[in-house]
Every structure is written in structure tokens, then in C-alpha cells.
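These are the residues of each chain, in order.
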Amino acid sequence: MSEIFSKSFERSLEQLVARAVPGQSFEAWTFDDTRSRRTAEKALADKGVTARIRSAYKPLLFAFLEDIDLVGVTAIEIRYPVHPAAPANRFRLEAYPLAALVGEAKIVFLPREDNELCYDVILTRAGSPEMLKVLVPNRVHSDIVGEMNLSPTGWLRFAGDEQGERLETDYERLFETTVQAIAGHEWGNEEPYFPELNIRVVHPAEDLPLPVGDEVVSLREAMHEDLYFSLLEFFQKKSGRPLGDRGLKPGQIVPEIVKSESAISVRVELRPLTTTFHDGLDQSVDTASEPLAAGQITRLLSDIGGEEFDALSRSGRNLSGRYLKGGDAAVMISGGQHPNETTGIVGAIRAARLLKQRANAHFTVSPLENPDGYALHQRLRVDNPRHMHHAARYTALGDDLEYRTEENAGVHLNEKFIRLKAQQLSGAGLHVNLHGYPAHEWTRPLSGYVPRNFAMWTLPKGFFLVMRHHAGWEAAAEAVLDHVTRHLGAIPGLLDFNDRQIALYEIHAGETGFRVINGFPCLSSVDDRHTVPLTLITEYPDETIYGDEFVAGHTAQMETVLSAYEAWQKLQSQSLTSV
């Protein structure tokens, strides 16, 4: 291991307490959990200081959770800020999931008509309006890649001072100092720049589960997300690539954000790649309540039979696929491209186990295409099982496997060989690629709040299907989507699940930007980048779910594969009949 940077940070709450003078009265906004802020308020009161310390993260949500009495309120009108340095719906998104937490009160969101950074809240109680303002401390700033952002920040406002001033918090200092230290290191000019770049942060913030689906407010999870994607963007720029380029191969970037009692610190170091898994016990695959052990995946895949084909990951982990040849029209089934999206891995195996019983079955299955990412996900879940862990999304090279090709891979084809071999063996015309996305809100609070290049996936919106097809294949694509969504609509509870999530999404995001086909949100577009004519991509909100919710997720993934297989057989049969 080679240390690059380490630093401890004094807590902003401790600084506020230490510097306060008896008789003072002030409000502050910091990135701390509720318990820590209340503890600091008590310490200040013991000094003779009147203080209210609020959350700089999602201030409107916390105003309703901590301060606003909703007893007897029948209607809520919220006028949210609109700022030229942010998406128009930024502060409407930031209020999520407030609409699901106000009981029977009717809630509406309307944009402000000025640039003032505050929410105007009008509560209707007993027929009378009550008006209040909720300050939203933000700053306009340039990030490590020169992009301008409007981001939440700490704030301090003394009694008698209507405006107040920015308070740079420990949370912000840790983030900025760490990113700058990594950016200032000499990385050379050849990708990958490192094996594992480990960023270990200890921070005392407690996660706050909310009584809405899988929703949770987590400052530590948000720190993981912002560090990971900010560093990807730094290396994208360093390499001369555009922001968001998924072919970048910097190495494995691993923010490990663990809870402390009170300390705040960071240590950045280079580590060798790991080569083992953190497997738990085997489970019944049909009722698995959490991600499967890697060893069990291997054994289940072996039981499916057929022709085995293998590849090695960057770390040397093995990954396998199976080819079952038959008289049907061939279909490719894959999962685990992004292995923090875990229901697709189980769904792929369950579907293959059923398809192999079918006479003339013809398919390939590769349920775990990114074993290095899967091992990292296992490791990160030990400390934070309910965090989405996007550091485990990409390979140990740091790229998105989908965007690795024979032309750009150089000596690093590795995992991508599995998918290329599956197509070579089967000649499939349909690829069912099982994915997932966050089951609760995804944010980057210190880089503009809304995840850059992923704004569409910041909030859950049900089981989502994406169809990518070659030009001239529109009719076939629509037929598959219609068949699959009709089949999925028969699964008990799934349409209701979609309806709830889409309704809450629409309240907080506004325009959806997607079609709804038979109750399922869908996108379909021409994409000749794929060599297979039709690629059906599933997106189940699964990154942090367990128990019955996890079973429902991998069941929906399995049923998607089975219905897409049937749809493809029907289309091919019709094609032969019409010849």
C-alpha cells in the first residue's frame, strides 16, 4: 500500500460550540445528522447561547421532518427556487420524497419567479393560510473539471442579520481537500493509472430511513457518490476524453465511507487489486432475499449445462457463460454488467433454469459479467448494506463493460470476451440485458446535487424497460415491448408498484420524458452501436433492496427474460410464415 494523502478534520459543530459567546443567538446549516445537531444545540444552550442548527442537505425535507407541524393541515403550496446555474427542477427534486410524507394534505409545487434561494411554503390549516420561508443555502462554484455548479453549502446567520454568510463545513472541506489532493498527484499518462485507488473516509453521520419505499437520507452515501463520480470526471479530463465517457480505464476507484462515533478523517492510498470474494451462505435461488454468493452463482450456472465459455477479469477472477443449442431462435441473456444492480443476476439464472427445460431451447446466459465489481460490492456492503455503491458499477479497469470493444480494448478485452463469444456461438438476434438502478434518491450534493449525465435515474420510477434496436427494426422492437409489458402486468402487485413510484416521480420531477406502455415506463430508440439487432435492457429499482422486495425484483427480471424469449420466437415464426 502506498499512501497519497491523509487528514483529520475538526467538526463544524464543535467549532460552532467552541467559538460561541454567551448571549449570542444564531442559526446555522451544516451537513450533520439530526442527533448531532441537537447535541450541539444543547451544548450551546449550556453556554447561554440560543442556536438552531439545521440541515444544509435537503433543507426543505428536514424543515418538515423537524420543525413544521402538519396537524390539521389540508393543503400545502411550495414555491421552489429556480436558478440559472441549475436545472429548472433542481429544488423540486431536492424536496423528494416530501409529497409522500404529508399524509392526506394536498401538495403542489410551483416555481418561484425570482432568483431568491428559499422556498415559500403556504400551509392551509382550518381554512386559513400560514406562510413561512425555508432558506436554501447554496453557492455557485467551479468544480475539479471546471464545470460550474450550484451546490448546497453550510451557512451561519446571527440574530439581526437577515442574509447571513457561507460557513464552509467539515463535509465540504473533506470533499474538496481530498479531490484536490488526488488531482495533484502524479499519475503518469498511461491507462490504467493504478490498480485500486482507495479513499477511506470515517464520518459520524447516521443514515435516516424514511417511511417511503426504500428511501433513506444518507450523507455518507452521498459522499461516496460524489467522490467516485468527481474522480471519474477528473480522470476523464486528464485523459482528454469528454465528461461522461464510459470507456475511460483509470483503474478501480473505491471510496469506502464508514461510520465513526465523532471523528472525521480521510486516508487515500494505492492498493493492489483483490482476488477473492466475500461470499455468504447459499440460498434457495427462487426465494433469495439478498445477492447470491459468487460460488453459488458458479455452481448454478454449471447445473444449467450446455457449452461453457470463460474469460478472466483484470484481477484474474473467472467469469463464465453457458450456451444451450436448440431449434428455437437464439436469445442472449446477461446480467451483472453493473454488479451493484443485483436482481438481474438472480433473474438471469432463474430464467435459464426454466428455459433449459423447454424443448428446442436455444440461448446463452452469462449472469455475472463483472466479477471484480461484484466482489467490491460484497466488500462495501459489509459496512453499508443499504448504500448504492456505484464504485462497484464498473470493472476493475474503471470502464463500463458495455463500452469496451475489440477495437478500443487493447490488451484488456478481458470480461468483454464473454459477450462477444455468446453472440458468436448463438448468432442471437435478441439480447436481454438485465440491469437495475437506485431504489432510493441518488444525489451528488457537492457537485450540483443532480448526478451529472444521470439525471434521469436520480429518482425511482418503477420497473423501466429500454429497447435499443437497429434501423428498420422498429416494428419488431415495439412488438417485443408490447408482449413483455402485457406479460409483466399480470404479476401481482407490479403495476401498483409502478404506479406509486411514477406518481411520486412526477410530483417531484415534473415531465417524465418517457412513454408508458401497458403500465411500464419505456424508452425505445435506434442504436446501431450494438451488433445484435434488438437489445432489451431492464432497469429495476434494486440497488439497495432486500427480503421480499429483492424476491419481487428478481422475479420480475426472470419473467422479463421468459416473456421476451416467447416474443422473439413468435416474431421469428411470423417472419418464416410470411416468407
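Structure: see above.
Here's what I pulled together on the structure shown here. Residue indices begin from 1 for each chain and proceed along its sequence in written order. Given that the model is predicted, a residue must reach a pLDDT of at least 70 before its local features are reported, and side-chain atom pairs must reach 80 or more before they are shown or counted; all residues, however, enter totals for whole chains, interfaces and linings. The basis for the side-chain values is all heavy atoms of the structure; hydrogens and waters are excluded.

## Concerning the overall build of the chain
Helix and strand counts for the chain stand at 13 helices and 25 strands. Atoms counted for the radius of gyration: C-alpha only. Globule rule: 2.2 Å times the number of residues to the power 0.38. Taking 25 Å as the expected radius of gyration for a compact globule of 579 residues, we find that the chain reaches 25 Å, a close match to that expectation. In terms of its C-alpha atoms, the chain occupies a principal-axis envelope of roughly 85 × 60 × 45 Å. Sorting the 579 residues of the chain into buried and exposed places 59% on the buried side. Any two residues having at least one pair of non-hydrogen atoms within 4.5 Å are treated as being in contact. Long-range pairs, those at least 24 residues apart, make up 77% of the contacts in the chain between residues at least 6 apart in sequence. What sets the accessible areas is the Shrake-Rupley method with a 1.4 Å probe; for residues, cover comes only from the shown protein chains. Carbon together with sulfur atoms contributes 51% to the accessible area of the chain, which is approximately 22,200 Å² in total. Only four residue types enter the charge count: Lys and Arg as positive, Asp and Glu as negative, with His and the chain ends excluded. Working definition for charges: the position is that of NZ of Lys, CZ of Arg, CG of Asp or CD of Glu. Averaged over its 58 positive side-chain charges, the chain has a centre that lies 1 Å from the centre of its 80 negative ones. The helix count covers DSSP runs of H or I at least four residues long, the strand count covers runs of E at least two residues long, and both are numbered beginning at the N terminus. Exposure classes here rest on a 1.4 Å probe applied to the protein chains alone. A residue is buried below 20% of its type maximum, exposed above 50%, and partly exposed in between.

## A look at the nonpolar core
Within this scheme, the nonpolar core is defined by two criteria: the residues are buried Ala, Val, Leu, Ile, Met, Phe, Trp, Tyr or Cys, and they are joined through side-chain atoms within 4.5 Å. Formed by 88 residues in total, the largest nonpolar core has its most connected members in Ile 76, Ile 78, Tyr 119, Ile 199 and Phe 235. Tallying contributions element by element places helix H6 (residues 219–238) first for this core, with 10 residues. Once you skip the residues sitting within four places of it in the chain, Ile 78 turns out to touch Leu 60, Phe 64, Leu 98, Ile 107, Val 108, Phe 109, Leu 110, Tyr 119, Asp 120 and Val 121. Residues Ala 329, Ile 333, Met 467 and Leu 571 belong to the second largest nonpolar core, which totals 57 residues.

## Some details on the side chain of Glu 27
As for its placement among the helices and strands, Glu 27 is situated in strand E2 (residues 25–30). Side chain to side chain, Glu 27 and Arg 54 meet in a polar contact 2.8 Å long. Sequence-distant contacts of Glu 27, defined by excluding residues within four places in its chain, comprise Arg 52, Arg 54, Trp 155, Leu 156 and Arg 157. The term polar contact refers here to a pair of N or O atoms within 3.5 Å; inside protein, the definition further demands a hydrogen-donor-capable atom paired with an acceptor-capable atom, and it admits residues adjacent in sequence only when both atoms are side-chain atoms.

## As for the sheet that holds strand E15 (residues 252–259)
The four strands are arranged E1-E16-E12-E15 in an open sheet whose pairing can be described as mixed. Taken across any chain shown, the strands that pair with only one partner, and hence form the sheet edges, are strand E1 (2–8) and E15. Sheet twist, expressed as the average angle between the axes of neighbouring strands with direction ignored, equals 10°. Pairing of strand E12 (residues 196–203) with strand E16 (residues 265–271), which is carried by seven bridges, proceeds in the antiparallel orientation. Paired with Leu 197 across the strands is Leu 270, a residue of E16. Inter-axis angles, ranging from 0 to 180 degrees, are taken between N-to-C directions of lines fitted to C-alpha atoms, where helices are fitted over the stretch in contact. Across the sheet, H6 is in contact with E12 and E15; its angle to E15 comes to roughly 160°. On the sheet, helix H9 (residues 371–383) packs against E12, E15 and E16 and is oriented at approximately 15° with respect to E15. Only when DSSP finds a minimum of two bridges between them are two strands counted as paired.

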